[in-house]
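Commentary on secondary and tertiary structure
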Amino acid sequence: MRVSFKWLKELVALDMSPEALAEAMTRAGIPVESVEYLDKGVEGVLVGQLTRIERHPNADKLSVVQVDIGGERPLNVVTAAPGIVVGQKAPVARVGAKLPSESHPSIVLTDFRGVPSEGMLCSAEELGLDPDKLMPHEKEGIYPLPADAVLGENIVRTLGLDDVVLDLELTPNRSDCMGMWNVAREVAAVTGGRLSLPEVTESAAEGEIQDQAWVRVDAADLCPRFSARLVENAHTEPSPAWLKQRLMAMGMRSINNIVDVSNLVMLETNQPLHFYDYDTLAGHGIVARRGLEGERFVTLDGQTRNLTGETLVIADGEKAVGLAGVMGGLNTEVTDQTTKILIEAAWFHPTSIRRTSQAFGLRSEAAQRFEKGIDVTQTKLAADRAAQMLAAIGAGREVTGALDVRGEIEAPPEIRLRLDKINHDLGTQLDGAVVRRFLDALRITVLEERGGSGVGTAGENGAAGGSGGAVDGAGAVGAGGNSARVGAGGNSARAGLPGGVEWLVQPPSWRRDIALEADLVEEAARLYGYDKIGATLPAGGGRQSGSARTPSQKLRRDLAHFMAGQGFLEIVPYSFIHPGHLDRLRVPEGHPWREAVALMNPQSEEQGIMRTTMLPSLLSCAAGNLNRQNRNLRLFEVGKIYRKSPAPEGHPLEIWSLGAVCTGGRPKSWLGGEPKYDFYYLKGVLEALFQKISVRNVRFAPDQEVPGLHPGRCARIEAEGRVLGFVGEIHPKTAGDYELDQRAVVFYLDLEALLAEAGAKTYRPVPRYPALTRDLAVTVPAELPSQEITDAVIELGGALLQEARLFDVYQGEQIAAGSKSLAFSLTWRSPEKTLTDQEVNALQERIESGLGDLFKGQIRGR
C-alpha cells in the first residue's frame, strides 16, 4: 500500500521526517518497505511558456524556441521535440538543473551548430515520471502542463512531486490500512498526533432519490448492506491537478474527474465504489442477486462472462450489469455522454468475491479489498463522500437523500481484557492508566471498566462522543466508580467480571482483525513498543517443560548441519504456491500431491494453496538464481509440506521434509575437468547422510511414477520396506516450464519416515586381525538392477564379508549384447583370527556359484 506523506499530514498532525515515521510504523508492526521521494532529485526545472518558435538555421530537425519563465528575459532553447506550439506551457530545465535522466543528468550551456541553448524542454521520461501512471498523450514528446500553471514555478511543486511515498508491507490481517483514513488512525495511535479526518455531511434517509431510483437485495447472505446515492448534471472532464497528483502518488493513473473521484474515495475509506450511468439502467434501479444459469454479459474489459448460480451479480430491472465487487458491465459504463450517475457502495461477502475473482481470472483493486474484508458500517458514508466530492469539483449536483438497504450485520465482538493477562504475556509491568491510553488511541470503545477510574474518550476529531458530521466518534466513558457502563443503549451493567483491573471493550468496526483478548494484548505490545519489552525465558513448570530438543527437532538440526557441511546453501521459501505448479510438474488427477489445502485468504493469487511437495519451491528458487547467472547451485530446505486430512473435519497433515536441488557443477580446478552435479552425485550425498544418522539397509529402486522427474533417471529410496523419499533428474519438459536451461537433480526425504529408521550410533573395537581384499567381476543381464546383484553378493558372502563395494559398471566391447559387467571390491575379515587365502577363496567361490544360479552370472577373468 502506497501512502502519500503529503496527504497523510493533512489527516494527522506530524512533526517528523518520513524516515522517522517509517521507523516508528515498522516498530509498531506495520512494516514500511521503502521510502520514495517523488522528485527523484529534480532541481532547477521551472514552468515555462513557449513564446516564439523558429527553425534552426543550420539544422532541419531542430527548432529554436524562446521560453518565458517569468524572469527579466526569455531563455533561448534549442530542441528537436516535435509538435510544440506557441503558447504551450512546458517544463524547462535551466543551465545547472539536475535531472534523473541518465542521458541528461545535468544541464549545461550547449552550442547546437552555432546557436546557444540555455536549457532543455523536458519530457515525462526526463522528469522521471512513471509512464504507467500517464495518459498516452503525456508520454510522447514534451510533457504538457495545464494552462493555469504558474510561470517560473518549480516544476516539483507544479506536478506535486514535492511528496514522499511510504510503501507499507501489509499483512492480510491489516487490510484496513489499505485506506488512508485507517492509515491516519494508525499513525495517530503510534505517534500521538492529532487526527483530523474530513467532515462528511450525512445524507438524509428521505429525499428526491426515493422517486428516481431503487435498490433491492435478493442475496442478503452475500450482501448484507447496500447503499446508493444519485448525482445529476454530471459531465466528464480532466480532473483538477491536486486530484491527479494525489492519485499518481498513490500509484494510480488519472482517467477523468468521475472515475478519479471513485478511486480517490476508495483510497480514502477503503470502501470500493462503482458508478453506473443511470440512464442505461432498466427501471432506473439495481438489485444484488445470484446469477442465472446460462446468463451472459460483457464486463468493462470487453470480455463476455458466463454466469452461474454461484456468482453474485448486480442487475438492473432486466439484465446483469456487473460482477459484484469485481468489475462492472460495459452496458452501464460511465461515458462522455453520461449526465446522471448512480453511486454504489456495498458490502459483499469476502468468500463470494474471492470465488468470483478466481473463477473469471479478474484481480481488481476493489476485489482485493472485498476479499480481505472491509468495514460494513462505512458504505453510506463512502457514498456520501463521493457525491459531495463530485459536487465540490463541479462534476455534478447531489440529488438529495440516499438508499440504504440493511440486512443482518454482525457487530464487533465484546472482549474482556485483563491487565494481569497483558503483563503476564508480555513480561511487563504496565498500569491500568497506560493500557487505557492505548485503548483510547486505537479508538477501542470501553464498555465497562473495573478496578480503574473512568476517563473521557475523545472522538476522532477531538470532540468527546457523538458522530454528527464527523467521520466517526468514540463515546465518552462514564467517570468515577470501579465499574461503569459506557455509552448509550444496552444493559446498564455487566456481571461476572472477576477482581483486578480489566475492561470490557469493543474494537472499532474497521479493525476486523481484533477478535480475541490475545489480539488486544498484541495491540498493547505494539503501542508500548516491542523494543521496550525485555527478553525473558518462558515460564516453566519443572523438568518436563525444559528446553531439551525432541528427537524430531534434533534430526532436523543435524540434517541442516550436514547439508551445510556438504556445501549446500539453505533456502527458506514460502509454503504457499500457485496451483499451476502442479500442472507444471504434470501431477496426474488422483495423485496425493493434488490433495492440496486451499487458503481462505491468500496474500495473492500466486500463493493460493499450501504446497504438497517441495519441488515447486526448489525449482523456483533454482530458476531465479539461474536468471541471475548463478549457474552452479546446491540448495536445500528443511520445511513442511501439507496434505488434506483423511478425516472430513480433520486438520491438514503437516509433514516435515528435507529437499535439495543441484544444477551446474563444481568449479574448474587443476585436478581437471568441471564435474557436473548429476544423479550419482546426489545419491552419494544421500548415502553419506544415511551413514551419518545410522539409517541401514537403504535401497535405491527405479521409479518411473514420480511427477516432474525423468522416468529413466529416478529412484525410490527405501529402508526395511519403508519409503523414505526419492532422488532423480528433473524431466526436460518440467525443466522447460520452470525456465531451467541446464540439467537439475533433486531429492526429497520424509523426515517422519527417516526418524523411524534412524538408529543409534554403534561402536566396534579396532580390528585385531587384518582384512583380505578381492575383486569380483561378473556379467549379468543388463536389465537387472545393480542393487539386486549387490544384495545377493552380501547375502552369499555371509558374516565374514565386511564390505561389498560396486566400483565399475561396463557395457561395450568383450561384453555380450544385452549384458553388463559389474565389478565389486570385496573385503573379508574375521574378528577371531587371520583368514587364509584358502578360506577366502572358498567363500568367494560360494558367491560366484550363487550368482550363476540366481542370475545366470558369468565370472569374468577365468
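Just so we're clear, the structure is a prediction, and the values are computed from it rather than from any experiment. (Residues numbered from 1 in each chain as written. Predicted model: local features only at pLDDT ≥ 70, side-chain atom pairs only at ≥ 80, totals over all residues. Heavy atoms only, no water.)

Looking at the environment of Asp-741
- As for its position among the elements, Asp-741 is in the loop between α18 (732-737) and β35 (744-750).
- The exposed category is assigned to Asp-741, whose relative accessible area is 56%.
- Separated by 114 residues in sequence, Asp-741 and Asn-627 place their C-alpha atoms 9.5 Å apart.
- Excluding anything up to four places from it in sequence, Asp-741 contacts Leu-626 and Arg-631.
- A polar atom in the side chain of Asp-741 sits 2.9 Å from the side chain of Arg-631. (Helix = DSSP H or I, 4+ residues; strand = E, 2+ residues; numbered from the N terminus. Buried < 20%, exposed > 50% of the residue type's maximum accessible area, 1.4 Å probe, protein only. Contact = heavy atoms within 4.5 Å. Polar contact = N/O pair within 3.5 Å; in protein donor to acceptor, adjacent residues only side chain to side chain.)

Here we look at the domain arrangement of the protein
- Split into domains, the protein comes out as domain 1 (2-38 + 164-191), domain 2 (43-158), domain 3 (209-406), domain 4 (415-532), domain 5 (551-757) and domain 6 (772-859).
- When each unit is reduced to the centre of its C-alpha atoms, the spacing between domain 1 and domain 3 is 27 Å.
- Taken residue by residue, the interface counts 15 residues in domain 1 and 17 residues in domain 3.
- For the pair domain 1 and domain 3, the two sides together bury roughly 1,400 Å², of which 58% comes from carbon and sulfur.
- When the buried surface of domain 1 facing domain 3 is broken down by residue, Trp-7, Met-178 and Trp-181 rank first, second and third, together holding 51% of it.
- The interface formed by domain 1 and domain 3 contains one salt bridge.
- In this structure, Arg-246 and Glu-10 form a salt bridge, with 2.7 Å as the shortest nitrogen-oxygen distance.
- Counting the contacts that link domain 1 with domain 3 gives seven residue pairs in polar contact (both at pLDDT 80 or more).
- When residues of the side of domain 1 that touches domain 3 are traced back to their parent elements, those giving at least two are β1 (2-4), α1 (5-11) and α5 (180-191).
- Residue composition of the side of domain 1 that touches domain 3, grouped by class: seven nonpolar, four polar and four charged. (Domains from an automatic or database assignment. Buried area = accessible area lost by both parts, 1.4 Å probe. Salt bridge = Lys/Arg side-chain N within 4 Å of Asp/Glu carboxyl O. Nonpolar A, V, L, I, M, F, W, Y, C, P; charged D, E, K, R; others polar.)

Some words on the packing of aromatic side chains
- Tallied over the full model, the rule gives six aromatic pairs.
- Each ring, one from Phe-679 and one from Tyr-680, has its centre 5.2 Å from the other, and the planes form 85 degrees; the classification is edge-to-face.
- For Tyr-680, a relative accessible area of 63% corresponds to the exposed category.
- Three or more aromatic residues link up through ring pairs in this structure, and these residues are Trp-593, Phe-726 and Tyr-748.
- Sitting over the ring of Trp-510, Arg-185 keeps its end group 3.7 Å from the ring centre. (Phe/Tyr/Trp six-rings, centres within 6.5 Å; stacked < 30°, edge-to-face > 60°. Lys NZ or Arg CZ within 6 Å of the ring centre and 35° of its normal.)

A look at unusual backbone geometry
- In this model, Arg-586 sits at a positive phi of 55 degrees, which is unusual for a non-glycine residue.
- You can see Arg-586 is positioned in the loop between α15 (580-584) and β29 (609-610).
- Given the relative accessible area of 41%, Arg-586 is considered partly exposed.
- Positive phi values are uncommon outside glycine, yet Ser-694 reaches one of about 60 degrees.
- In this structure, Ser-694 sits in the loop between α17 (679-692) and β32 (698-702).

Thoughts on the confidence of the model for the protein
- For the protein, the average pLDDT comes to 88, and 93% of its residues sit at 70 or higher.
- Counted against residues more than four places away or in other chains, residues 453-470, with its pLDDT under 50, gives 51 contacts. (pLDDT = per-residue confidence, 0-100.)

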